[in-house]
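The primary structure of each chain is shown beneath.
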Amino acid sequence: KLTCFYYDNGISIDGEVQSWFSDDTPARFRAYGWHVIDNVDGHDAAAIDAAIIAASAETARPTLICCKTRIGFGSPNKEGTAAAHGSPLGAEEIAATRARLGWQHGPFEIPEEIYQGWDCRPKGAEQEQAWLQIRAAYGEKYPELAAEYERRMAGDLPAGFSAFMDKLLTDTQAAGEKIASRQASGQVIAQLAGQLPELIGGSADLSGSNCTNWPGMTPVTATGGGNYIYYGVREFGMTAIGNGMALHGGLIPFSGTFLIFMEYARNAARMAALMKQRNILVYTHDSIGQGEDGPTHQPVEQLANLRATPNMTVWRPADSVETVAAWRAAIEKTDGPTALVFSRQGLPCLGRDESQLAAIARGGYTLVDSEGEPELILIATGSEVALAVAACDMLTTAGHRVRVVSMPSTDVFCAQDAAYQESVLPSAVRNRLAIEAAQADYWYRFTGLDGRVIGMTSFGESAPGGEVMKHFGFSVENVVSVAKEML
């Protein structure tokens, strides 16, 4: 059952009232099989109440209630004009509006009768006490289940979660599997689902491509609950529903789509950040490397957009190991959303020692270091990290001292103390080359104006992914050539 409201905010243009919506809206919804109640006076509380009662009586179809209104209703001189929409009425017009509406009370003064009619505190207190009694009785009868409920509603993670993720990280490094980070993400999700019964996933009609589903998941259907939602092609709705679940508490929602389709979900993703909610956004097919799909499906500016959003943490892992660390950070972050950005193409597992494994959680770390003070630092994320390592090998063989910094999360790195940032990116080393198959300008904050960036300043092209990457300079040969120019 669904009840929707449609408001026809009439506005006068050249003396004629124009509708903000099509006049055939009620007829079109009737043709779709909806129950439509139209021509309701949107300024008459009794008429609206009657419409809601009529809508509630309809149980077989959704209802559309069409309310006719006038913008700036009650204003003698501005009702029905754009002036009532985009600017204050002004003191004189406010006084005139109050007189026309018969409102004799001062600003912010609420008459006692109205206040009492809307005061739900007594009823709410009564309902709260009834709920607390039910919860207490449940806790006495089922103490373990009650404790689990309290844990989930508090947003706490199970005991042993940290140790489990530590082991998963080291095991993944030891396995050394070459795999697309989207597939690595799917493997991590399967592990997390066994540890976190509150985890609930989904995808916008791309479950197989996003690798957001896992063996043993239970789809949510019209007749039964589960822990996976097939959202269909509705990226905004999917992300907004994740926000709602996070706000309710007791659940850790995640959902997936292609990175380029973040554009459809942008408003809901921004709201997750604005509300500081733990909504995990899985974005795959992360670069121009999916060349066959053409520039419409190749994200370029989306990473910079996400990184510029306050409270939004963004991870673009270089391999399966960094994918584990990224997922762990997303689960453990409770004060905002996380965007996990994964590749379609396979990525080699990079070598790391124990200290480097631990340093991944700091967002950026030295993956390959030089003998002595580096004369050049290569900074990369995602699929371009392996490219940077290969270029480093060639430059080192040629006698240059080169450091490779993997920076899967720029915002996490920037949150580290100044001493750590200096240890990774020493200010004395001005030769810095950033490499990422996305919008280039963002990286000058790390390279400085003396540095260089191999990135995107245009949209992509249609061709096999490898050819597109090479065409735009994402090749070992080009990285080495640019680096030698700098040296």
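For the structure, check the block above.
The present account deals with the structure reproduced in this document. (Residues numbered from 1 in each chain as written. Predicted model: local features only at pLDDT ≥ 70, side-chain atom pairs only at ≥ 80, totals over all residues. Heavy atoms only, no water.)

1. Considering the pattern of salt bridges
Pairs can form between side chains of opposite charge once their charged atoms are near each other.
Link 1 in the chain: Counted according to the given criterion, the structure contains 23 salt bridges.
Link 2 in the chain: Glutamate 384 is paired through a salt bridge with arginine 316; the nearest N and O atoms lie 2.6 Å apart. With glutamate 384 in helix α16 (residues 384-397) and arginine 316 in the loop between β10 (313-315) and α14 (320-332), the pair connects residues that are 68 residues apart, well separated along the chain. The residues glutamate 384 and arginine 316 share a single accessibility class, namely buried.
Link 3 in the chain: A single salt-bridge network, built from bridges that share partners, covers Asp286, Arg307, Arg316, Glu384 and Glu436. (Salt bridge = Lys/Arg side-chain N within 4 Å of Asp/Glu carboxyl O. Helix = DSSP H or I, 4+ residues; strand = E, 2+ residues; numbered from the N terminus. Buried < 20%, exposed > 50% of the residue type's maximum accessible area, 1.4 Å probe, protein only.)

2. As for the sheet that holds strand β15 (residues 402-406)
Link 1 in the chain: Overall, mixed pairing links the five strands, which are arranged β13-β15-β14-β16-β17 in an open sheet. The sheet terminates laterally at β13 (365-368) and β17 (452-456), the two strands that pair on one side only. Along the sheet, successive strands turn relative to each other by an average axial angle of 25°, direction set aside.
Link 2 in the chain: The sheet contact formed by strand β14 (residues 376-380) and β15 spans five bridges and is parallel. (Pairing = 2+ DSSP bridges. Axes fitted to C-alpha atoms, helices over the stretch in contact; angles between N-to-C directions.)

3. Considering the pairing of strand β11 (residues 338-341)
Link 1 in the chain: Neither face of β11 is left uncovered, since the one carrying Thr338 and Leu340 and the one carrying Ala339 and Val341 both have all their residues buried.
Link 2 in the chain: As paired strands, strand β9 (residues 280-284) and β11 are joined by four bridges and run parallel to one another. Residue pairing for β11: tyrosine 283 is matched across the bridge by valine 341.
Link 3 in the chain: Note: β10 against β11, three bridges, orientation parallel. Across the sheet, tryptophan 315 pairs through a bridge with leucine 340, a residue of β11.
Link 4 in the chain: The parallel pair β10 and β11 is bridged by α14, and the resulting crossover is right-handed. (Right-handed = clockwise from strand over helix to strand, strands pointing away.)

4. Some points on the side chain of arginine 278
Link 1 in the chain: As for its placement among the helices and strands, arginine 278 is situated in the loop between α12 (262-274) and β9.
Link 2 in the chain: Buried charge without a partner: arginine 278 forms no salt bridge, and the closest opposite charge is glutamate 198, 6.0 Å away.
Link 3 in the chain: A polar atom in the side chain of arginine 278 sits 3.5 Å from the backbone oxygen of glycine 155.
Link 4 in the chain: A polar side-chain atom of arginine 278 sits 2.7 Å from the main-chain carbonyl oxygen of isoleucine 331.
Link 5 in the chain: Look past the residues within four positions of arginine 278 in its chain and what remains in contact with it is Gly155, Leu157, Ala246, Ile252, Pro253, Ala330, Ile331, Lys333, Thr334 and Gly336. (Lys, Arg positive; Asp, Glu negative; His and termini not counted. Polar contact = N/O pair within 3.5 Å; in protein donor to acceptor, adjacent residues only side chain to side chain. Contact = heavy atoms within 4.5 Å.)

5. A look at the packing of helix α6 (residues 121-141) against helix α7 (residues 143-154)
Link 1 in the chain: Their axes nearest at 5 Å, the elements α6 and α7 cross at an angle of 130°. In terms of orientation, α6 lies oblique with respect to α7. Across the interface between the two elements, Trp131, Arg135, Tyr138, Gly139, Glu140 and Lys141 of α6 pack against Pro143, Leu145, Ala146, Tyr149 and Glu150 of α7.
Link 2 in the chain: In terms of residue class, the contact of α6 with α7 is built from six nonpolar, one polar and four charged. (Parallel < 35°, antiparallel > 145°, perpendicular 65-115°, else oblique. Nonpolar A, V, L, I, M, F, W, Y, C, P; charged D, E, K, R; others polar.)

6. Considerations on helix α11 (residues 235-248)
Link 1 in the chain: In a regular helix each residue adds 1.5 Å, so 14 residues correspond to 20 Å; α11 covers 20 Å between its end C-alpha atoms and thus fits that length.
Link 2 in the chain: For α11, the full list of buried residues reads Glu235, Met238, Thr239, Gly242, Asn243, Met245 and Ala246. Down the axis of α11, the sector holding all buried residues measures 165°, keeping them to one side.
Link 3 in the chain: Tucked into the core, α11 has its buried residues touching β6 (199-203), β7 (228-230), β8 (252-258), α12 and β9. (Expected span 1.5 Å × (residues − 1). Arc of directions from axis to C-beta.)

7. A few points about the packing of helix α9 (residues 181-195) against α14
Link 1 in the chain: Direction vectors running N to C along α9 and α14 enclose 50°, while the axes themselves pass 9 Å from each other. Looking at the two axes, α9 sits oblique to α14. Between α9 and α14 lies a crossing whose hand is right-handed. Along its contact with α9, which presents Ser181, Ala184, Ser185, Val188, Ile189 and Leu192, the element α14 presents Ser320, Thr323, Val324, Trp327 and Ile331.
Link 2 in the chain: Residue composition of the contact of α9 with α14, by class: seven nonpolar, four polar and no charged. (Left-handed = near helix turned anticlockwise from the far one by under 90°.)

8. Quick notes on unusual backbone geometry
Link 1 in the chain: At asparagine 39, a position not held by glycine, the phi torsion is positive, near 60°.
Link 2 in the chain: If you trace the backbone, asparagine 39 turns up in strand β3 (residues 35-41).
Link 3 in the chain: Although it is not a glycine, lysine 276 sits at a positive phi angle of roughly 55°.
Link 4 in the chain: By secondary structure assignment, the location of lysine 276 is in the loop between α12 and β9.
Link 5 in the chain: The exposure class of lysine 276 is partly exposed, given its relative accessible area of 48%.

9. Describing the packing of aromatic side chains
Link 1 in the chain: Taken as a whole and judged by the stated rule, the model has 15 aromatic pairs.
Link 2 in the chain: On the basis of an interplanar angle of 70° and a centroid distance of 5.1 Å, the ring pair of tyrosine 228 and tyrosine 230 is categorised as edge-to-face.
Link 3 in the chain: Take tyrosine 228: its relative accessible area is 0%, and that puts it in the buried class.
Link 4 in the chain: Taken together, a centroid distance of 5.7 Å and an interplanar angle of 5° make the contact between phenylalanine 258 and phenylalanine 261 stacked.
Link 5 in the chain: Accessibility expressed as a relative area gives 15% for phenylalanine 261, which makes it buried.
Link 6 in the chain: A connected cluster of aromatic rings, assembled from ring pairs, spans Trp214, Tyr228, Tyr230, Phe254 and Trp327.
Link 7 in the chain: Above the ring of tyrosine 420, the side-chain terminus of arginine 362 is found at 3.8 Å from the ring centroid. (Phe/Tyr/Trp six-rings, centres within 6.5 Å; stacked < 30°, edge-to-face > 60°. Lys NZ or Arg CZ within 6 Å of the ring centre and 35° of its normal.)

10. Observations regarding α12
Link 1 in the chain: The sharpest bend along α12 reaches about 35° and sits at alanine 268.
Link 2 in the chain: By the burial criterion, the buried members of α12 are Met262, Ala265, Arg266, Ala268, Ala269, Ala272 and Ala273.
Link 3 in the chain: Residues of α12 that are buried make contact with α11, β8, β9 and α13 (302-307).
Link 4 in the chain: Trailing α12 by a residue or two, lysine 276 shows a phi angle of about 55°, which is positive. (Bend = angle between axes of the 7 residues up to and from the residue.)

11. Quick notes on the sheet that holds β7
Link 1 in the chain: Taken together, the six strands give an open sheet; going across it, the order is β7-β6-β8-β9-β11-β10, and neighbouring strands pair in parallel fashion. In this open sheet, the two edge strands, each paired with only one partner strand, are β7 and β10. Taken pair by pair, the neighbouring strands of this sheet meet at an average axis angle of 20°, ignoring direction.
Link 2 in the chain: With respect to the sheet, α11 is in contact with β6, β7, β8 and β9, its orientation differing from that of β8 by roughly 165°.

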